[in-house]
Amino acid sequence: MASRTLYSQRDPALKKRDDFEDILEERRNSSDLKYALKCYMPVLYKGVTPCKPSMIKTMVLQSEQLRYVVTELSKETGEATEVIQGEALAILEEMAHKLHLGTVRFFAYMLNKAFKVLYQRIRVNEDGIQRLQQAIQEHPLVLLPSHRSYMDFLIVSYLLYTNDLALPVIAAGMDFLGMKFVGEMLRMSGAFFIRRSFGGDRLYWAVFSEYVKTILRNGYAPIEFFLEGTRSRTCKSLTPKVGLLSIAMEPFFKGEVFDVSMVPISISYERVLEEALYARELLGVPKPKESTSGLLKARRILSEDYGNIHVYFGQPVSLRSLAQGRINRSQYNLMPRHISRRPGEDVQVFVNDVAYKMVRLQEESMVLRPWVLVATILLQNPHGVEAVWLAEQTAWLRGLAQAFGAFLDWPDHISASRAVASGLALHPNLVRAERGRVRLATEPKGPGARAPEEDLFNHAVTVLSCASYRNQVLHVFLRPALLAMAMDVAPTSRKDDVYSCFGYLRDVFSNEFILCPGAEVQDFDEACFLLTKCSAIQILKQDIVATERGRPTLSFLSAMFQPFLLGYQVVCRYLCEEVAESLPEKSYVAGVRSYAVKRILSGELACLEVLSSDLQKNVLAALLRMGALRKSKAGELVTLRVNKSAINTIENTLGGRVSTQKPVLARL
Amino acid sequence: MASSGHGSGRQEAADRRLRLIAGHLHPRIAASECKAEAAESDPVRAKTVPKRRQEVMKWNGWGYSDSRFLFNKKGQAEFTGRRYRLGGLIFPSLKDWFESTFGANLQHKSPPTAALNSSAITPPNLNEPFLQDLKSMGIPHSLEAEDRVFRAHGHCLHEIFALREGRFGRLPDMVVWPNCHDDVVKIVELACQHNACLIPYGGGTSVSSALECPPDEMRSIVSLDTSQMNHILWIDEKNLTAHVEAGIVGQELERLLNESGFCTGHEPDSMEFSTLGGWVATRASGMKKNIYGNIEDLVVHIKMVTPRGVVEKSCQVPRMSTGPDIHHFIMGSEGTLGVVTEVTLKIRPLPEYQKYGSVVFPNFEQGVACLREVAKQRCAPASIRLMDNAQFQFGHALKPQVSSIFTSFLDGLKKFYITKFKGFDTHRLCVATLLFEGDREKVLQHEKQVYDIAAKFGGLAAGEDNGQRGYMLTFVIAYLRDLGMDYYVIGESFETSVPWDRVLDLCRNVKERITRECKERGVQFPPMSTCRVTQTYDAGACVYFYFAFNYRGLADPVHVYEQVEHAAREEILANGGSLSHHHGAPKPMSDTCETTNQIAAYIQSHGLLRPRFLHLVVHDGVVDAKATEDDERLCRKRR
């Protein structure tokens, strides 16, 4: 194990971060119209001659890459190349953006108005903007914002426009095109649209990847996309998708560009616009289809206060330096570059690692408001707490979070009680403060008795919304908490045992949280270091033991992740008790939900987060990955076959009832 | 014979003819004897390369002692000596270019140590029995420090830099001058017998560290200087071949052939000093390869002395299909397998007409596209090169002082036309230089064809002068490096061959990598990193890089230089280029290129094939006297 001196170097609490500045302040004091019509002359990539979006389209259509695929397809299907070329054109028309400065100005005007009403402040790290300005000129740029709200799209473009930087071309889901007018508006402000799934369609893949690569190669504009693939409904970062990232890396691997800079952007909302919507969605009310009228209805939200937004533009990460020593680019020398082939094992692993790294960078620079600490504490005390105790507890948690390197926006001169109060004020729909006590809000009993399910449902909305705030801080505590849980579950306090339990939990939860594959040892070291630093544990020669002082900390950490542990156990129990041999995949979520509702109503289970479909889907993915479930396809119907003994073992291990027998994990 | 029954008239005619031919050949024939002794006494023939090379050439720099660039008292650059057309000329814009490109300053000088201090040199480690036998054979040799120092290096930056600082590594312990093939056979036999180590030395222009003596070599190292083996042994006009001793230097070979109305057309940039044997040993490439071919296309027959005997083919034929071509084992072996002693080369009648030319392109991309098209249509002139903008500026700085106001006015007008009228950006435009050769009519026709293609890519004809100056740059570049080294600027060139579709990407990435690496390694001034596409082929091109920087403020400039060059080569490989096109495998990188030896050893270790090829235990650039097993089918022993 590494020595202490090594630890202190990567003490997360010492991380240097930039300061923020509010950009709305200036906007409030000047004319929106003037702002929208301001002179916009962004610096470009090494003096590249700006070209029209239509030029990009022509380049894509005439590219050797695309022509090659078209010829291949024509040979295979027997269709004329012109026909296939025509299809390619149609795909491109559907996909391509049509950046139009007028539209951008219109958006800027509208957003200005909206932002000023919705938010108190939009705070941005100016240094990050400066770095971006530099990076844009040097290398093609990939912007990688976190994705927790529709706002993410708009915010980034808005900020770049405000700072006179080149507007990005943004990869957006095709579902936006469903919104009549708005879809086209987005297109004209730089969005391009990709189908959610196009697995087998080679032509689509060719057009799409060539489109992205052409933009990148020419340094025409920064490319922006969301590694997480979709908005996170839980405010927890999602496991990254690597498809688009690996396309964006290819021009570098093939030597077509010298380097690519990747800029992680962390956007944190004090109050997410879609808060209640997300909770409902997680509980099974499907997400409303994007429609213009829906958006107009959403105007209601204009009357509420959404607090602050923090946008942190991270340090540009050079792909070249990441790849140094890991990727042998000569492997691309043996085939013409326009023929695309499946990347080698080393490349796939590399892209995956980079994706995780970037998401972790996003996580690390997420600004946390005191409210997320309050939410964390309240969720552990569902029946309410004394306001005074809450303030004390929040102050304590603040210390712990800071020791663990959290990026807290909590200036020293603000007292705990003030910080708590301002958080409570911003979320009246989630919490109630009455007679010196604070508790989660439950919907007032309406006229007439309602079904208990309905009550439960309403309560769950509050809990899940609240949980989405707690989730924002989970990444700070994740590793120490896994260690705390491992110490609970492990049969002995021997280092080996604790480590193998830690590894096991890490493995189980790797669909739930951002845990870089293959980084068990680093994570374990980090957890040990952090807990030792706050004197919660002591690392002896052979054993890891909790200190007397540390017990509250450890149990707090365990409790923070208890809902997940319980959730996974409930799903396992459902699969063991209610399912015979197999079940159709479609009925899985509904099945788990009704089982959980039953257990909750009967009082056996108090944890409402089990109802979250996000958690349920993560469990499914984890069980599939671990081989406890198997998918089998018969026509359209996908069936899940249950391996009961495997599931039983997982459930028992998570419950700490059985020792992890003969762990197959690497020992320390 | 079929003719035996026929009349005597015919017999007589044949006899007469034979006599005539014999008469022509007689003074030149006598191939079995050593020619050199005779030549030594021949006062008419001036020696291009004397045994004591240091008498005419610099011991710590490039070329002739009397020829060098310097900044005169007025701060103007001039070239000394009378050997070159440039001799005595003033280059008014070189100083500004030099100072602005490198951030150098004429006040900051870094002169070399003045003279060779012979007393500082370790005495030779002699192999007495070897020396005695050599003496008894009467083969000339030397143990003098100056001779040994001269042959201890090639022209890599680190070698010259060390010499300028008066530092010497391991030196050869003695120098021998064989006069002919048989002398070489004897020397190699002696070396085998007495366990000495031989390093063949031709022109000494190696840039692959192949001449460096292994510092840990315990045996006596003998430098085998081939300079006295410099005769054309015969010329066969019917088959257009010439049989030449391998020690002849390029300019001498060309001059002698020209006297008979022929040429080889092989013109590597180093041809003033490099030798035929060196070309064969390094797989050299000449500027005019589009007409005459590279060395592998020119060679018909090679004679090489190895520790296990002499390797040669039994015939002088254009092509064979009897297993792998042994020539391809010899070419590129860089002295590791043996000493090349005699070579039969293709020759051509001297061309009737020669014409330089140049084309200006608005940018490098267009220029490359044009060269690609020229290669596609297979109409490349004898030479076609495309210099990037930085190299164009460099070439421009070498414009000699103009003699009349009229010429300078014309120059101004040209510049105005190109930049203002045609809208070329002086910081982006680039120039292709051309050289046409052949029948007058055909040249003019060819010229038109090439200029027509160029016009399609936005190219404008820019005159013969610019073309000629472009070629001059490549001949004086090594002299310019010495000038740079007087003012804290070090640099070198390296080259690669690359498929057409990667040319642009490779050039951009390598140049950028150099700039970046310099910055990261603490070089205080932006480096010069420039390239030209210097040869075209059907499937790709050869790209040549110049890289130089001002090293003021660096503790170990050579180390920094080597690190950057290593990075640049790594970048080349990652971008689909080769380690080298014609310089030879750079030694620090040769781990990345699989040499034939490694392949042979690998295949043999798997027992897949019976070892068929001669294989020797070799060090870099050193013929090792201890060979292991051999296969005699490929070598005829002549003992």
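Scroll up for the structure.
Since this is a predicted model, take the numbers as computed values, not measurements.

Undergrad: Hey, could you run me through helix H6 (residues 81–95) of chain A in this one?
TA: An α-helix turns once every 3.6 residues. As a result, residues three or four positions apart point the same way. All names here are of chain A. Its 15 residues place the ends of H6 21 Å apart at the C-alpha level, agreeing with the 21 Å of an ideal helix rising 1.5 Å per residue. Of all the residues in H6, the buried ones are Ile84, Ala88, Ile91, Leu92 and Met95. Viewed end-on, H6 has its buried residues packed into an arc of 100°, placing them on one side of the element.

Undergrad: I would appreciate a short explanation of the packing of aromatic side chains in the present structure.
TA: Enumeration according to the criterion identifies 50 aromatic pairs over all chains in this entry. Taking 5.7 Å as the distance between ring centres and 75° as the angle between the ring planes, the aromatic pair formed by Phe79(B) and Tyr84(B) counts as edge-to-face. Take Phe79(B) and Tyr84(B): they sit in the same class, and that class is buried. Linked through ring pairs, Trp62(B), Tyr64(B), Phe69(B), Phe79(B), Tyr84(B), Phe91(B), Phe273(B) and Tyr479(B) together constitute an aromatic cluster. We note Arg398(A) situated over the ring of Trp410(A); from NZ or CZ to the ring centre the distance is 4.5 Å. Here the basic side chain of Lys511(B) rests over the ring of Phe364(B), its NZ or CZ set 5.5 Å away from the ring centre.

Undergrad: Is there a simple way to explain the side chain of Thr241(B) in this structure?
TA: Residues and elements named next belong to chain B. Considering the arrangement of structural elements, one finds threonine 241 in strand E9 (residues 241–245). Judged by its relative accessible area of 9%, threonine 241 falls in the buried class. Other than its neighbours up to four places away in sequence, threonine 241 contacts Trp234, Ile235, Asp236, Val300, Thr344, Leu345, Lys346 and Ile347.

Undergrad: Looking at this model, I keep getting lost on the interface of chain B and chain A. Mind explaining?
TA: By a frequent convention, interface size equals the accessible area lost on bringing the separate parts together. Taken together, the contact between chain B and chain A spans 14 residues of the former and 16 residues of the latter. For the chain B and chain A pair, buried surface summed over both sides reaches about 1,200 Å², with 31% attributable to carbon and sulfur atoms. When the buried area of chain B at its contact with chain A is split by residue, Arg502(B), Arg516(B) and Ala574(B) rank highest and sum to 39% of it. The tally of links from chain B across to chain A stands at five salt bridges. With a closest N to O distance of 2.7 Å, Glu571(B) and Arg320(A) form a salt bridge.

Reading the values: rules and limits
- Residues numbered from 1 in each chain as written.
- Chains lettered and ligands numbered in written order.
- Predicted model: local features only at pLDDT ≥ 70, side-chain atom pairs only at ≥ 80, totals over all residues.
- Heavy atoms only, no water.
- Helix = DSSP H or I, 4+ residues; strand = E, 2+ residues; numbered from the N terminus.
- Expected span 1.5 Å × (residues − 1).
- Buried < 20%, exposed > 50% of the residue type's maximum accessible area, 1.4 Å probe, protein only.
- Arc of directions from axis to C-beta.
- Phe/Tyr/Trp six-rings, centres within 6.5 Å; stacked < 30°, edge-to-face > 60°.
- Lys NZ or Arg CZ within 6 Å of the ring centre and 35° of its normal.
- Contact = heavy atoms within 4.5 Å.
- Buried area = accessible area lost by both parts, 1.4 Å probe.
- Salt bridge = Lys/Arg side-chain N within 4 Å of Asp/Glu carboxyl O.

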